[in-house]
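Spelled out from the first residue to the last, the chains are:
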Amino acid sequence: MRTFLSGIGVAVALLGVISHAHGQKETERFIPIGQSPGVSQKHTSIGEIAEVDQQKQMVTIVEPAGRRTVKITEKTRIWLDRTKLKQTNLVGSFAELQKGRRIEIKYADPESRQIADWVKVEIAQP
């Protein structure tokens, strides 16, 4: 009986972790730039857009570690962070990735940091 209860405890703990990760993925667009628990500054880069190449679907950002060019794919989710306007964040598009805007990029592969999984772009003016 004790082993059975231990197994249930482990299952509940795992479900809690999976549920939390799934929940954050579903609500990520509503979290302001730099405030994603366990993600921001660990698996992301935050900086300013220095260049946008529409043909190649690439964005170059300047971050504290230097310049980085990242590929935006059809799978990359783009969100508009409108926190400074005190408005709800929205789904965005490549067109909102404009030079001078502040962004946060989460990488599809944190090791290579070449392809964006998602991008949040700050919209500070209406």
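Residues numbered from 1 in each chain as written. Predicted model: local features only at pLDDT ≥ 70, side-chain atom pairs only at ≥ 80, totals over all residues. Heavy atoms only, no water.

**Some details on the packing of aromatic side chains**
To keep things clear, this is the line we draw: Only centres within 6.5 Å qualify two rings of Phe, Tyr or Trp (six-membered ring in Trp) as a pair; their planes then separate them into stacked at under 30 degrees, edge-to-face at over 60, and tilted for everything else. The way it works is that DSSP assigns letters per residue, a run of H or I at least four long becomes a helix, a run of E at least two long becomes a strand, and they are numbered from the N terminus. A simple rule labels every residue: compare its accessible area, found with a 1.4 Å probe on the protein chains alone, to the largest value its type can have, and call it buried under 20%, exposed over 50%, or partly exposed in between. Counted as over-ring charges are cases with an Arg CZ or a Lys NZ within 6 Å of the ring centre that also lie within 35 degrees of the ring normal.
Taken as a whole and assessed by the stated rule, the structure comprises one aromatic pair. Geometrically, the ring pair formed by W79 and W118 is tilted, given 5.7 Å between the ring centres and 40 degrees between the ring planes. Of this pair, W79 sits in strand β4 (residues 77-81) while W118 sits in strand β7 (residues 116-122), and the two are 39 residues apart along the sequence. As far as the burial class goes, W79 and W118 line up, both buried. Over the ring of W118 we find K120; its NZ or CZ atom is 4.6 Å from the centre of that ring.

**Let's talk about the side chain of T44**
What counts, and what does not: The definition of a polar contact used here is a pair of N or O atoms within 3.5 Å, where within protein one atom must be able to donate a hydrogen and the other to accept one, and adjacent residues in sequence count solely through side-chain atom pairs. The contact rule is simple, with two residues in contact once any of their heavy atoms fall within 4.5 Å.
Here T44 shows up in strand β1 (residues 44-53). For T44, a relative accessible area of 4% gives the class buried. Reaching out from T44, the side chain makes a polar contact with the side chain of E104 at a distance of 2.9 Å. Sequence-distant contacts of T44, defined by excluding residues within four places in its chain, comprise V39, E104, I105, K106, Y107, R113 and W118.

**Focus on the environment of A65**
Inspection of the secondary structure assignment puts A65 in the loop between β2 (58-63) and β3 (66-71). Residue class for A65 comes out exposed when judged on its relative accessible area of 71%. The spacing of A65 and G47 is 18 residues in sequence and 9.6 Å in space, taken between C-alpha atoms.

**What about the pairing of β7?**
This is how the line gets drawn: Think of it this way: DSSP has to see at least two bridges between two strands before they count as a pair.
Most of β7 is tucked away, with six of its seven residues classed as buried. Bridge analysis of β4 against β7 gives five bridges, and the strand direction is parallel. Within β7, the position partnered with D81 by the bridge is E122. As paired elements, strand β6 (residues 102-107) and β7 share five bridges and run antiparallel to each other. In the sheet register, E104 faces β7, and the bridge partner there is K120.

**Side note on the nonpolar core**
Cut-off, in case you're wondering: Definition used in this section: a nonpolar core is a set of buried Ala, Val, Leu, Ile, Met, Phe, Trp, Tyr and Cys residues joined via side-chain atoms within 4.5 Å.
Counting residues in each nonpolar core, the largest one holds 16 residues, and the members touching the most others are V59, I72, L97, I103, I105, A116 and V119. Those elements that provide at least two residues to this core are β2, β4, β6 and β7. Apart from the residues lying within four places of it in its own chain, the contact partners of I72 are Q57, V59, I78, F94, L97, A116 and V119.

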